[in-house]
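Breakdown of the fold
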Amino acid sequence: MTQESLIYELEFDFFFKDLKYFGREKIKGDFKAPIKLDSKVDKINKILVDNKEADFKYENGELTINKDGKEIYIEFENKVSEISLMGIYKSITKDGYIITTQMEPTGARSFIPCFDVPSAKGVFKVNVTVDDPSLDVIFNTDAIEQRVENGRKIFKFRETPKMSTYLLYLGIGKFERISEEYNGKVLSVIAEPGKSKYGRFALDILKELLDQYEKYYEIKYPLNKLDLISINQFAAGAMENWGAITFRESLLLKTENTSFNMEKTIAKVISHELAHQWFGDLVTMKWWDDLWLNESFATFMGDKMVSMIKPDWKVDEEFINESLFSSMELDSLTTTHPISVKVNNPDEIAEIFDSISYGKGGSILRMIEDYMGKEEFRKGIVNYLKKYSYSNAEAQDLWNSLQEVSGKKISEIMKNWISKGGHPVVEITKIPDGLKLTQSRFTYLNKEDDYIWKIPLKVSKGRTQLEFMFEEKKMISLMDFYIVDPNVRGYYRVSYEDDSLDRFLNKKKPSYQEGIWLAKVLDDYYAFTLAKRIDIERFIDIMNRISKLNNYVIIMRLLDIHGDLLSVTDDSYLQEIVLPYTESILSQVEGGNDKNLKVLKERVATRLAQLSKDYRKYLLGKKLESLEPEYRLPYFVAIAKEGKYEELMDIIRKHTDEQDTVRAIQALTTIEEPKIFLNYLDEIKERKDLRANLIYAIMGATRNPKFRTDIWDWIDRNYEWLREIYSGSGYMSFMVESLISYSGIGNNQRVNDFLSKINRSEVKRGVDNGLEWLKIHENLVEEFKKIHN
Ligand SMILES: [Zn+2]
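Here is a short report on the structure shown in this document. These numbers were taken from a predicted model, which means no experiment stands behind them.

What counts and how
Residues numbered from 1 in each chain as written. Predicted model: local features only at pLDDT ≥ 70, side-chain atom pairs only at ≥ 80, totals over all residues. Heavy atoms only, no water. Helix = DSSP H or I, 4+ residues; strand = E, 2+ residues; numbered from the N terminus. Rg over C-alpha atoms; globule rule 2.2 N^0.38 Å. Buried < 20%, exposed > 50% of the residue type's maximum accessible area, 1.4 Å probe, protein only. Arc of directions from axis to C-beta. Contact = heavy atoms within 4.5 Å. Donors = N, O, S within 2.8 Å, 3.2 Å for Na, K, Ca; no water. Axes fitted to C-alpha atoms, helices over the stretch in contact; angles between N-to-C directions. Parallel < 35°, antiparallel > 145°, perpendicular 65-115°, else oblique. Left-handed = near helix turned anticlockwise from the far one by under 90°. Nonpolar A, V, L, I, M, F, W, Y, C, P; charged D, E, K, R; others polar. Pairing = 2+ DSSP bridges. Salt bridge = Lys/Arg side-chain N within 4 Å of Asp/Glu carboxyl O. Expected span 1.5 Å × (residues − 1).

Scanning the chain from N- to C-terminus turns up 24 helices and 29 strands. The globule rule puts the C-alpha radius of gyration for 789 residues at 28 Å, and the 27 Å found for the chain is close to it. Based on the C-alpha atoms only, the size of the chain along its principal axes is roughly 85 × 65 × 55 Å. When burial is assessed residue by residue, the chain has 62% of its 789 residues classed as buried.

Dropping the structure here:
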């Protein structure tokens with residue numbers, strides 16, 4: 001099969017009420033027998049090759065035709081799924097439902113028979129007929145013709161550019177849109193009727209971002225329309241279908257209840273998906289091994305572009321917390337995987353949509369940009385995109401493109417960061433005539449490994465900055481104490497010699513940037529604690545000293561560390577640290593003027609509502625409507641902790657405001673009565689319109705120490721149901737990981753029973769990571785016990 005010339009001509013007849021459709025499909029190319037198509041549609045009715053009837057075999061998701069030819073013609077029929085969130089499925093709206101699709105990674109084969117691999121790009125010419133003239137149809141391109149004939153409405157869509165099957169989109173139903181023509185393109189936000197007015201914020205952000213991206217890439221957005229579509233039941237956060245990007249409602253629409261944090265998140269998610277319209281859609285990875293390249297780039301670029309249009313939003317600081325720290329955490333497990341990972345079969349794809357592909361990859365690109373210089377890096381990207389437009393490329397092609405413009409040996413430097421799991425720790429020790437630097441792999445379980453990374457190291461002492469490539473096991477420096485990676489652009493941990501670190505921690509007034517650097521120190525030393533390289537008392541001392549600083553990144557990281565520890569142990573010693581800290585930070589962030597403090601306010605108040613009865617009393621003494629959106633989640637948590645569960649369930653049952661629904665679910669996971677919670681979970685489970693939200697409830701519950709016994713029973717009972725909903729997305733794996741990591745503490749027998757019952761192959765990474773976390777968490781519980789002795 002040559003991939004140069006695939007042309008798909010598709011005609012669909014949809015029977016909306018019956019949730020089924022008939023398809024007639026022509027695929028033009030140059031095909032050699034046996035032709036193997038991916039297909040999971042219900043029934044294949046007829047096949048012609050070059051207009052002649054052809055024998056075929058249809059089994060196990062594969063359609064095999066034993067004939068050479070230039071044109072395959074297929075008649076097929078298919079059902080729209082009512083449960084799964086992959087392929088083509090039903091999504092319930094307030095007044096009915098829509099039919100929608102999610103193709104990545106392998107949903108397209110449940111929609112049409114096709115060559116469902118990223119490298120088999122094709123041109124798609126699509127006509128859709130629906131049996132109800134009041135329905136609208138959305139596709140990747142715009143409709144060039146619409147007419148009603150015998151009560152059926154026919155849509156003819158503009159032919160697509162060459163694209164991969166996983167980027168196809170089809171939506172059918174009643175929609176409402178706001179649109180604007182901008183730079184010659186029609187930009188729209190599309191939602192269920194009554195909600196498009198909440199799309200204004202998204203549409204304005206989209207315009208600003210589009211300008212930035214076209215400038216940065218030096219390539220105009222390739223299609224003539226771009227839709228941002230809100231989908232009520234959606235497995236992922238958002239999906240970059242070319243020209244028809246889909247979102248969870250809460251990640252696209254801004255209502256009067258949207259907090260500033262969610263507003264930023266909406267902008268970041270739009271930006272991420274927009275980055276893909278070029279990087280991913282216009283130039284696509286050859287195979288899923290390089291999925292990370294798509295996701296890393298969009299993660300890095302998405303945030304970068306938001307910080308260009310909103311320079312005061314502290315986006316880079318949030319990147320450090322959300323992408324750098326969180327991916328290093330996963331990458332410190334011995335069970336981590338290289339960024340570039342061998343993918344042999346499609347079942348393995350879903351599991352690698354993890355924070356290694358997104359966060360680590362993004363952080364490595366951020367490090368390389370810092371090493372190359374921003375403009376050189378940009379030129380390299382432009383070079384790459386222009387060279388591979390409408391085709392496919394591998395990671396190596398990107399390194400070569402970056403190398404061509406910069407003259408630096410990017411390929412050689414990247415090699416060890418990409419092909420090998422984990423990351424180094426740089427250890428600094430004093431020797432008589434200076435300092436000794438050594439590098440070795442860091443893992444929590446201290447796995448031996450002799451791998452050496454090429455580390456573009458930046459160090460500073462006062463105003464002096466030095467840059468060099470650290471590519472040996474060890475090196476000697478004649479300098480005395482300096483700080484490593486002062487701008488926090490690197491992807492490695494640093495272990496300082498005690499006296500020097502203490503000297504720095506005692507510094508009276510560190511600058512804002514030094515505060516960010518100290519947040520990295522905090523993160524590294526927390527990791528060293530989990531790895532038992534330092535004892536918990538030393539860590540608590542460091543944490544207490546750093547926590548005195550009022551710095552955005554430090555506060556975010558501390559809140560996460562506290563949250564983590566509280567999920568592992570309800571040790572009284574810990575409570576004594578967390579509560580006063582949370583109280584003092586709340587008063588600080590409530591008093592400040594910076595708008596970003598709202599983000600912290602929401603998180604801090606939520607924590608406090610969990611921990612303090614007084615604060616709950618204070619909050620509930622106010623009227624919810626009189627409070628800023630930042631206080632809605634804390635308020636809901638207060639309601640939950642005070643036992644007024646039905647109030648929250650009413651919000652969930654009504655399900656009118658998506659963000660409030662999610663908040664109410666999160667709040668319920670903090671209660672202390674597992675039986676009551678699990679009854680509610682049963683009720684949520686029965687609601688098909690909540691099936692995409694169910695996962696929030698389960699993930700939250702696995703982290704509640706009070707639920708540790710009962711949640712196992714619930715998941716045992718419902719595992720197959722969860723599989724029906726989430727199979728093919730990464731959620732099964734994330735859920736299993738969280739379940740074993742937290743609910744497994746003190747429950748080894750349950751873990752073993754569970755593992756003996758499930759099919760481990762589809763959640764392999766989740767199980768491996770979970771078991772390792774479990775070990776680390778149980779160590780931590782022991783460490784806390786020691787403090788008391
Ligand atoms: Zn993405």
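Now, onward.
A word on helix α23 (residues 748–757). Listed as buried for α23 are Val-751, Phe-754 and Leu-755. Taken down its axis, α23 places every buried residue within 95 degrees of arc, on the same side. Opposite the buried face of α23, at more than 90 degrees from it, the exposed residues are Gln-749, Ser-756 and Lys-757. Turning to α23, the residues buried within the fold contact α21 (710–726), α22 (731–743) and α24 (764–788).

Attention shifts here to the coordination of the zinc ion. All of the protein donors around the zinc ion are His-272 (NE2), His-276 (NE2) and Glu-295 (OE); their distances to the metal are 2.0 to 2.1 Å. For the zinc ion, the donor residues sit on a single chain with the sequence spacing H-x3-H-x18-E. Of this pair, His-276 sits in helix α2 (residues 260–278) while Glu-295 sits in helix α3 (residues 291–309); the two residues are 19 residues apart in sequence, bridging distant segments of the chain. The exposure class assigned to His-276 is buried, which follows from its relative accessible area of 0%.

Between helix α15 (residues 613–620) and helix α16 (residues 632–641), whose axes approach to 9 Å, the crossing angle comes to 115 degrees. When the axis of α15 is compared with that of α16, the two are roughly perpendicular. For the pair α15 and α16, the crossing hand works out as left-handed. Within the contact between the two elements, α15 uses Arg-616, Leu-619 and Leu-620 and α16 uses Pro-634, Tyr-635, Ala-638, Ile-639 and Lys-641. Looking at the contact of α15 with α16 residue by residue, the classes come out as six nonpolar, no polar and two charged.

This brings us to the packing of helix α4 (residues 315–330) against helix α5 (residues 355–372). Between α4 and α5, the least distance of the axes is 8 Å, while the angle of their chain directions is 120 degrees. In terms of their interaxial angle, α4 and α5 are classed as oblique. Pair α4 / α5 crosses with left-handed handedness. Where α4 approaches α5, its residues Asp-316, Phe-319, Ile-320, Ser-323, Leu-324, Ser-326, Ser-327 and Leu-330 are matched on the opposing element by Ser-355, Ile-356, Gly-359, Lys-360, Gly-362, Ser-363 and Arg-366. Taken together, the residues of the contact of α4 with α5 sort by class into five nonpolar, seven polar and three charged.

Moving on: the sheet that holds strand β25 (residues 455–461). The antiparallel open sheet is built from three strands, whose spatial order is β26-β25-β28. Of all the strands in the sheet, the pair left with one neighbour each is β26 (464–470) and β28 (483–484). Examined bridge by bridge, β25 and β28 share two bridges and lie antiparallel to one another. If you follow Val-459 over to β28, its bridge partner there is Val-484.

As a further point, take the side chain of His-655. Note that His-655 resides in the loop between α17 (645–654) and α18 (658–668). Look past the residues within four positions of His-655 in its chain and what remains in contact with it is Thr-661, Arg-687, Asp-689, Leu-690 and Asn-693.

A few words now on the pattern of salt bridges. Side chains carrying opposite charge are able to pair once their charged atoms draw close together. Taken as a whole and judged by the stated rule, the model has 84 salt bridges. With a shortest N-O distance of 3.4 Å, Arg-538 and Asp-498 are connected by a salt bridge. With Arg-538 in helix α11 (residues 536–546) and Asp-498 in helix α9 (residues 498–505), this residue pair connects regions lying 40 residues apart in the sequence. Classification of Asp-498 as partly exposed rests on a relative accessible area of 43%. Salt-bridge contacts for Lys-507 lead to Glu-514; the nearest nitrogen and oxygen are separated by 2.9 Å. Judged by relative accessible area, Lys-507 falls into the partly exposed class, the value being 37%. A relative accessible area of 19% places Glu-514 in the buried class. Several salt bridges share partner residues, and in doing so they unite Lys-304, Asp-316, Arg-366, Glu-369, Asp-370, Lys-458 and Arg-489 into one network.

What follows is about the pairing of strand β8 (residues 69–79). As defined by bridge partners, strand β2 (residues 20–31) adjoins β8 across 10 bridges and the pair is classed as antiparallel. The residue of β8 that forms the bridge with Phe-31 is Gly-69. Here six bridges tie strand β4 (residues 43–49) to β8, and the two strands are oriented antiparallel to one another. In the sheet register, Ile-44 faces β8, and the bridge partner there is Phe-76.

Backbone hydrogen bonds hold the strands of a sheet together, and the pairing may be parallel or antiparallel. Taken in spatial order, the eight strands of this open sheet run β5-β4-β8-β2-β1-β11-β14-β13, and their pairing is mixed. Both edges of this open sheet fall to β5 (52–53) and β13 (143–149), since each of them pairs with a single strand only.

Its 18 residues give helix α1 (residues 200–217) an end-to-end C-alpha distance of 26 Å, which sits within 8% of 26 Å, the value for a rise of 1.5 Å per residue. The element α1 is largely enclosed, with a buried count of 13 among its 18 residues. Immediately beyond the C-terminal end of α1, within one or two residues, lies Glu-218, with a positive phi of roughly 55 degrees.

With that out of the way, let us pick up the environment of Ile-455. Assignment of secondary structure puts Ile-455 in strand β25. C-alpha of Ile-455 to C-alpha of Ile-577: the two residues are 122 residues apart in sequence and 36 Å apart in space. Once residues within four sequence positions are removed from consideration, Ile-455 is found in contact with Trp-417, Pro-424, Val-426, Gln-439, Phe-468, Met-469, Phe-470 and Tyr-492.

Everything listed here is a matter of geometry and, on its own, says nothing about what the molecule does.
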